Amino acid sequence: MGYNLDSIKKRIGIESLSEAERKRLFNKFVRIGGQVLEDKEPGKSLQFDRDKQRDLLKKLKAKNKALKKFEDWEEYEKAAEYDEHIEQLKELSFKDRLSIYLRGLSNGVITFSGKYVSRRFFIFIIKQVIPYLQRLSQLIKDIFNSDEAVLREIKKVFYSKEKYYYELLHRYSKFYIEEEFNGLLYHFKKKGTKGIKPRALEESLKVIFKKIYLLKDFVAGSYISLKAALTITSSRKGLDQELATRRIDTVKKTLNIIFFQFLPKVYSLALCILRENIPLHSRRFERYLDIKENEKVGYASYKDMFEEEESKKKIKLVKVDKTEVEYKPKSFSELTEEDMANLEINELLKYGIQLMQSIDFTGIKESDGNAIPLEAQDDNDKVYLSYLLLKEFEKEYSFILTSYKIHIHPEYVDNKKIDYKQNLNALYPKLTPIYEDYQEYFSSVRDIKDIKKDYAMNEIERYNRLNVLDAKKTKHGFEARKDTKEFLGSIKEYLDKFINDYNNDKKLIENPEEPLHFDKNVEGVKKVEDRSVIDAIIDADAYITAFIFRLDEEGDLSGISNEVKKIQIPQPGPAEEELKQESFLDELAQVMDTEGKK
């Protein structure tokens, strides 16, 4: 027999109990494990929507797939929050649209209609931003072109204050790049402001915006850094107080234009491009500009900017077959037979290195000194040294190209005659354009020195002229060494062939054992005097081999910078645990911590 809830209530007399007694009994019932039942009407049967289930399953799979791209949940949630924000902004409110429009209009970056970029924005860049950035770039270039002692003093001052000051100096030295601003002005120069929409400038704008965005929180530090560096440089160079003050005023004006005039305009234009009302300090801008952690100010202070300092002060370790090898830098003149053995060079190159180490450049400098400006006669300049080595080759070994003293038979290959003597003769005139490149380099060095000494020159004019001369100097220095290497390589092909033939067939050189003699009054005194023809060829080949070795990528005369490099010599080292030592960065960190506590 079934009972409903009402009949049960009557049978147990619960209706006659007071409210307080009911609550006491209910609490006791629940306390001893009783469960509350609700008198509900029968529910409806469940209805399944298969389409919604499929859509939900797709979303879950997409979320799991996206999660695999991130290292942790926190990173995923940030990305998800950003994506959600983007979805919301697709329906931007009228208030936000009005705010973006008014900001762009008031900053002079869009036209009244709001569709196009204003002419005032481009004019501001051309007449204000670029000229001041050029002046700042030139001032910083003067700092880095100073003597090594000046740079050491600047670093010492910076390291004792804020570790990122020297990093800021490097960042501003690369702040103005002409090609980047030309990209921003491309459409304006091509067709004026007629119909230039903000989105057309997006890629060029992002490059410049990123640089400013990274430095926007370091305006005060930037001024302190630049002012300190300029003060030290001006003092060391003996500049008068008025010129030194003008240089610092230029820095102050430039920073004011970048961060308080140009940044608001760039920010406003970015909002117009994105069609989003994002605060300037929002992390969403970091995502839009693709700013990585290692690009932020401060990251490079302990790592990138000081790696060169560390490599100079400490041994570099490289794992080779699970053994430690230490690389010690040495100048070319310091190379010993043990060093050459560790470099695993062959006997011909070893002999060529010894020939070069025995060169006395005094005679070459005296005989050719007037052709080179005094400013360019720097023994540590790889272009100048390459020039001297080429002059030594011409003086001592170039006779092989033209001399009648060496008798070389022609050879027939596939019924075609190869006249080696004629081919060698044809190589000699190639020296002329190579020497012209060297002379252009030396001329550029002299002109750069003259302009740097002319403190009365307008800063913009100075910057533009130095830019042109720097480019010319780099071009001719690189071309001269490249062409020298190619010229020597062409000769080496023939000399290797002659030596190989002498060791095997003995068909090409008619008089290999004949001693060489030269007219001192006409041809001068030569190192191969009284040596046999084949010995002279071997000497020339060895000299060329050593010259090419130095001009190659790992050699001391390669690279873009002017300073002669040191060659890294591998030497067997002790076990890893015995080779551990405190790095330069660790020492620097300790110094920074100590200074900070003071």
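Residues numbered from 1 in each chain as written. Predicted model: local features only at pLDDT ≥ 70, side-chain atom pairs only at ≥ 80, totals over all residues. Heavy atoms only, no water.

## Thoughts on the overall build of the protein
- On a plain count of helices and strands, the protein comes out with 25 helices and five strands.
- Within the span of the protein, comprising 598 residues, buried residues form 40% of the whole.
- The contacts of the protein with a sequence gap of at least 6 include a subset with a gap of at least 24, amounting to 73%.
- For the protein, the computed accessible surface area is about 36,000 Å², with 50% contributed by carbon and sulfur atoms. (Helix = DSSP H or I, 4+ residues; strand = E, 2+ residues; numbered from the N terminus. Buried < 20%, exposed > 50% of the residue type's maximum accessible area, 1.4 Å probe, protein only. Contact = heavy atoms within 4.5 Å. Areas by Shrake-Rupley, 256 points an atom, 1.4 Å probe, with all protein chains shown as cover.)

## Focus: the pattern of salt bridges
- Counting across every chain of the model gives 25 salt bridges.
- For Asp-217, the salt bridge is made with Lys-216, and the minimal N-O distance between the two is 3.3 Å.
- In this structure, Lys-296 engages Glu-286 in a salt bridge whose closest nitrogen and oxygen atoms are separated by 3.3 Å. Taken together, the positions of Lys-296 in the loop between helix H13 (283–288) and helix H14 (307–313) and Glu-286 in helix H13 put the pair ten residues apart, joining distant regions of the chain.
- Linked by salt bridges that have partners in common, Glu-479, Lys-482, Asp-483 and Glu-486 make up one network. (Salt bridge = Lys/Arg side-chain N within 4 Å of Asp/Glu carboxyl O.)

## Quick look at the packing of aromatic side chains
- As enumerated under the stated definition, the model contains 26 aromatic pairs in all.
- Look at Tyr-176 and Phe-181: their rings are 5.4 Å apart centre to centre, the planes differ by 35°, and that puts the pair in the tilted class.
- For Tyr-176, a relative accessible area of 9% gives the class buried.
- Each ring, one from Tyr-384 and one from Phe-442, has its centre 6.2 Å from the other, and the planes form 75°; the classification is edge-to-face. Separated by 58 residues along the polypeptide, Tyr-384 in helix H18 (residues 382–396) and Phe-442 in helix H21 (residues 431–453) bring together distant segments of the chain. Across the pair, Phe-442 and Tyr-384 agree in class, each one buried.
- Ring-pair connections join several aromatic residues into one group, and the members of that group are Tyr-384, Tyr-387, Tyr-435, Tyr-438, Tyr-441 and Phe-442.
- Just above the ring of Tyr-288 sits the side chain of Lys-206; from NZ or CZ to the centre is 4.8 Å.
- For Lys-216, the ring lying beneath its charged end belongs to Tyr-213, and the centroid distance is 4.4 Å. (Phe/Tyr/Trp six-rings, centres within 6.5 Å; stacked < 30°, edge-to-face > 60°. Lys NZ or Arg CZ within 6 Å of the ring centre and 35° of its normal.)

## Re the packing of helix H6 (residues 119–144) against helix H11 (residues 219–237)
- It is the contact of H6 with H11, at a shortest axis distance of 10 Å, that shows an interaxial angle of 55°. By the angle between their directions, the pair H6 and H11 is classed as oblique. When the axes of H6 and H11 are compared, the crossing they make is left-handed. Facing H6, whose interface residues are Leu-136, Leu-139, Ile-140, Asp-142 and Ile-143, H11 presents Leu-226, Ala-229, Leu-230, Thr-233 and Lys-237.
- Across the contact of H6 with H11, the residue classes break down as seven nonpolar, one polar and two charged. (Axes fitted to C-alpha atoms, helices over the stretch in contact; angles between N-to-C directions. Parallel < 35°, antiparallel > 145°, perpendicular 65-115°, else oblique. Left-handed = near helix turned anticlockwise from the far one by under 90°. Nonpolar A, V, L, I, M, F, W, Y, C, P; charged D, E, K, R; others polar.)

## Observations concerning a negative patch on the surface
- A surface patch of like charges, here negative, comprises Asp-147, Glu-148, Asp-378 and Glu-563.
- Assignment of secondary structure puts Asp-147 in the loop between H6 and helix H7 (148–159). (Patch = residues over 30% accessible without salt bridge, like charges linked within 9 Å, V, L, I, M, F, W, Y side chains within 5 Å. Lys, Arg positive; Asp, Glu negative; His and termini not counted. Charge placed at Lys NZ, Arg CZ, Asp CG, Glu CD.)

## Some thoughts on the nonpolar core
- Core analysis: the largest hydrophobic core is formed by 70 residues, its most contacted members being Phe-121, Ile-154, Tyr-172, Phe-181, Phe-209, Phe-262 and Phe-285.
- Where this core is concerned, the elements lending two or more residues are H6, H7, helix H8 (165–173), helix H9 (178–191), helix H10 (202–215), H11, helix H12 (241–274) and H13.
- At 15 residues, the largest contribution of residues to this core is made by H12.
- Those residues within four positions of Phe-209 in sequence are excluded, and the remaining contacts are Leu-263, Val-266, Tyr-267, Ala-270, Leu-280, Phe-285 and Leu-289. (Core = buried A, V, L, I, M, F, W, Y, C linked by side-chain atoms within 4.5 Å.)

## Focus: a nonpolar patch on the surface
- A contiguous nonpolar surface patch, about 310 Å² in accessible area, is contributed by Phe-94, Leu-98 and Leu-102.
- Position of Leu-98 relative to the elements: it lies in helix H5 (residues 94–106).

## Thoughts on the side chain of Thr-484
- With respect to the element layout, Thr-484 can be found in helix H22 (residues 459–503).
- In this structure the side chain of Thr-484 is engaged in a polar contact, spanning 2.9 Å, whose partner is the side chain of Tyr-438.
- Discounting residues that sit within four places of it in the chain, Thr-484 has contacts with Leu-390, Ile-434, Tyr-438, Phe-547 and Leu-551. (Polar contact = N/O pair within 3.5 Å; in protein donor to acceptor, adjacent residues only side chain to side chain.)

## Quick look at the confidence of the model for the protein
- The pLDDT averaged across the protein works out to 77; a share of 75% of its residues lies at or above 70.
- No element of the protein has a lower mean pLDDT than helix H24 (residues 576–579), which averages 43, and none a higher one than helix H23 (residues 533–551), which averages 91.
- A low-confidence stretch, residues 39–46 stays under pLDDT 50, and its non-local contacts, those more than four residues away or across chains, total one contact.
- Note on residues 80–90: pLDDT is under 50 here. Beyond four places in sequence and across chains, it has eight contacts. (pLDDT = per-residue confidence, 0-100.)

## Brief notes about the environment of Tyr-166
- Positionally, Tyr-166 belongs in helix H8.
- Here the alpha-carbon distance between Tyr-166 and Lys-156, two residues ten residues apart in the chain, equals 9.8 Å.

## Here's the deal with H6
- Counted at 1.5 Å a residue, the expected span for H6 with its 26 residues is 38 Å, and the 37 Å between its end C-alpha atoms agrees.
- Residue Ile-125 marks the point of greatest curvature in H6, where the axis turns by about 35°.
- The backbone nitrogen of Arg-120 lies 3.1 Å from a side-chain oxygen of the residue at the head of H6, namely Ser-118. (Expected span 1.5 Å × (residues − 1). Bend = angle between axes of the 7 residues up to and from the residue.)

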